[in-house]
Amino acid sequence: MSDPTTATPLPPEPTHDLPPGWLEVTSMDMDAQGVARRSDGKVVFIDGALPTELVSANTHRKKNNWEQASLTAIHRESSQRVRPGCPHFGLHAGACGGCKMQHLDAGAQVAMKQRVLEDNLWHLAKVRAETILRPIAGPAWGYRYRARLSVRYVPKKGTVLVGFHERKSRYIADMQTCKILPPHVDAMLMPLRALIQDMQARDICPQIELACGDEVTALVLRHLEPLSDGDKQRLRDFAAQHGVQWWLQPKGPDTVHLLDEGGAQLAYGLPDFGITMPFKPTDFTQVNPHINRVLVTRALRLLDARKSERVIDWFCGLGNFTLPIATQAREVLGVEGSEALVARSRENYVKNQAQRQEGQALAATNFVARNLFEMTPETLIADGMADKWLVDPPREGAFALSKALADIHQARLGAPEAPPLPAGHEAWQPPRRIVYVSCNPATLARDAGLLVHQAGYRCSAAGVVNMFPHTAHVESMAVFERAD
């Protein structure tokens, strides 16, 4: 583990004497650990502690200038501390590691994530957003429509475990319930355990992947050896009883297929735009469909695409943003690194275009596959001008894309270290506005630094999206406008 103090604003020195062993918690870090400072200046990261609390903690890891510890006693409790909603949450042995913040009020979780975003923008990039967007939040429970559940038969216990891993452990938590899963999936956990227990293949099924659409709940069973006819019938009986659709995965993701063909198609809707998005259970889709609908609507309102404009959607995936943009713009280009996802995007575009009413056709839209981690000024210019961009990268961020934009700007300013621009670059102009949707505030901050300090943009707005309540995961959105 790298030094956590490099990504965390350091707490102040203690302002008053505390009893021996007591610590005053002043903030939380990106792993939802309370942050305190000893009288000797050493920073302590405390599992389970909340800001404003006075606590005692047991140190289990020491470095020169920081320690990691676990909460042992609370001497002054935070007003934001709440009773966890799940019996498997906590610091006790065997506790589930799926959530980290159930002990903190849901509203305070959002405020903490907003502070993490602002701290990252300032400390890593020296960027401050001109406007702080109102946080996007939704249901705190039953929101997780995508999940990867580990499966293991434990002969010593004579049982099968299905669920997330224990905190800081490779073992699977003995979960009997999970309140962040949709209620109908939560109710299936124990029946799933019983199903696998009864199967001949119980020793060779390591994983069940969950994917819920608006109408269909899909379960993908990973199995290391072919299933017997008896086991397949057990799966069919379970599907009939619980209303699920079984998919099988004998090897890699490309081998995923329906147990039985037919049935309803897995899909989710974006009703604000009249868009329906079919997907396969292994395709990337947002975990939280309630938030995704609001996220897309907010992003497009900020983008404000017009019927006269061309828009590029970088890292477009299945077209989650691309197809809604096509209801507003003149022309859209979706760019994605995966050829398979590009093909799926084209299919989704054709299906939605066919369902549009007369006079509501989608804009001309093209999808291309491009390695977005190897973008250069030349490849960027070759994709043509766009009035606006939407950027929705994975955790690695959009460094190459941001740097290519910065290199073009620096070359035009005559910077001596800027790379030469390709012939015909004079006609190309950068986008007037960029809406950047991020799942990692650190890489967003890095890219924001390039856009603001080297590419000629200002950060006009930024805010958080609470896509994963009760976890330390910070999703956010930022808007960049041309400064000239």
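Higher on the page you've got the structure.
It should be emphasised that the depicted structure is a prediction, and the values quoted were computed from it without experimental measurement.

A word on the overall build of the protein chain
Helix and strand counts for the protein chain stand at 10 helices and 21 strands. Dimensions of the protein chain along its principal axes, counting C-alpha atoms only, are 70 × 70 × 35 Å. Here the protein chain, with 484 residues, has 56% of them falling under the buried criterion. Considering only contacts in the protein chain between residues 6 or more positions apart, those separated by 24 or more positions represent 64%.

Observations concerning the environment of Asn-120
Tracing the sequence through the fold places Asn-120 in helix α1 (residues 106–125). As a C-alpha pair, Asn-120 and Asn-352 span 232 residues in sequence and 39 Å in three-dimensional space. Residues contacting Asn-120, with those up to four places away along its chain left out, are Met-30, Ala-125, Pro-441, Ala-442 and Ala-445.

A word on the sheet that holds strand β8 (residues 159–163)
The sheet built from six strands is open, its strands ordered β8-β7-β9-β10-β11-β12 with mixed pairing. Of all the strands in the sheet, the pair left with one neighbour each is β8 and β12 (257–258). The strands touched by helix α3 (residues 189–198) within the sheet are β7 (146–154), β8, β9 (207–212), β10 (217–222) and β11 (245–249), with β8 carrying the most contacts at an inclination of about 135°. Across the sheet, helix α4 (residues 229–242) touches β10 and β11, and the angle it forms with β11 is around 145°.

Details of the pairing of strand β17 (residues 364–369)
As paired strands, strand β16 (residues 331–336) and β17 are joined by six bridges and run parallel to one another. Residue pairing for β17: Leu-333 is matched across the bridge by Asn-366. For the segment spanning β16, helix α7 (residues 339–355) and β17, crossover handedness is right-handed.

Some details on the state of the cysteines
Within the structure shown, the criterion is met by zero disulfides. There is no disulfide at Cys-459, and the cysteine sulfur nearest it, in Cys-439, is 17 Å away. By relative accessible area, which is 3% here, Cys-459 ends up buried.

Observations regarding the sheet that holds strand β18 (residues 388–391)
One open sheet holds the eight strands; their spatial order is β6-β20-β21-β19-β18-β15-β16-β17, and the pairing between them is mixed. Edge positions in the sheet fall to β6 (131–132) and β17, since each of these pairs with one other strand and no more. As defined by bridge partners, β18 adjoins strand β19 (residues 433–438) across four bridges and the pair is classed as parallel. The residue of β19 that forms the bridge with Val-391 is Tyr-436. Strands in contact with α1 are β6, β20 (457–465) and β21 (475–482); relative to β20, the strand with the most contacts, it is inclined by about 155°. Running over the sheet, helix α5 (residues 289–303) touches β15 (310–314), β18, β19, β20 and β21 and is turned about 160° from β19.

A word on the packing of α1 against helix α10 (residues 441–453)
When two helices pack together, their arrangement is given by the angle between their axes and by how far apart the axes lie. Packing of α1 against α10 brings their axes to within 8 Å, and their N-to-C directions diverge by 50°. If you check the angle between α1 and α10, you find them oblique. When you trace α1 past α10, the crossing you get is right-handed. Across from Val-116, Leu-117, Asn-120, Leu-121, Leu-124 and Ala-125 in α1, the residues of α10 making contact are Pro-441, Ala-442, Leu-444, Ala-445, Ala-448, Gly-449 and His-453. Of the residues assigned to the contact of α1 with α10, the class counts are 10 nonpolar, three polar and no charged.

Notes on the packing of aromatic side chains
All told, the structure shown has five aromatic pairs when counted by the stated rule. Arranged with centres 6.3 Å apart and planes meeting at 80°, the rings of Phe-45 and Trp-66 form a pair that is edge-to-face. One end of the pair, Phe-45, is in strand β3 (residues 43–47); the other, Trp-66, is in strand β5 (residues 66–76), with 21 residues separating them in the sequence. Of the residues examined, Phe-45 reaches a relative accessible area of 0% and is grouped as buried. Overall, the relative accessible area of 2% leaves Trp-66 in the buried class. Looking at Arg-128, its charged tip hangs above the ring of Trp-122, at a distance of 3.9 Å from the centre.

Brief notes about the side chain of His-223
Structurally, His-223 can be placed in the loop between β10 and α4. According to the relative accessible area criterion, His-223 is buried, its value standing at 5%. Polar side-chain contacts of His-223 include one of 2.8 Å to the backbone oxygen of Glu-225. Contacts of His-223, omitting those with residues within four sequence positions, involve Ile-204, Cys-205, Leu-248, Gln-249 and Pro-250.

Each value, and the rule that gives it
- Residues numbered from 1 in each chain as written.
- Predicted model: local features only at pLDDT ≥ 70, side-chain atom pairs only at ≥ 80, totals over all residues.
- Heavy atoms only, no water.
- Helix = DSSP H or I, 4+ residues; strand = E, 2+ residues; numbered from the N terminus.
- Buried < 20%, exposed > 50% of the residue type's maximum accessible area, 1.4 Å probe, protein only.
- Contact = heavy atoms within 4.5 Å.
- Pairing = 2+ DSSP bridges.
- Axes fitted to C-alpha atoms, helices over the stretch in contact; angles between N-to-C directions.
- Right-handed = clockwise from strand over helix to strand, strands pointing away.
- Disulfide = S-S within 2.5 Å.
- Parallel < 35°, antiparallel > 145°, perpendicular 65-115°, else oblique.
- Left-handed = near helix turned anticlockwise from the far one by under 90°.
- Nonpolar A, V, L, I, M, F, W, Y, C, P; charged D, E, K, R; others polar.
- Phe/Tyr/Trp six-rings, centres within 6.5 Å; stacked < 30°, edge-to-face > 60°.
- Lys NZ or Arg CZ within 6 Å of the ring centre and 35° of its normal.
- Polar contact = N/O pair within 3.5 Å; in protein donor to acceptor, adjacent residues only side chain to side chain.

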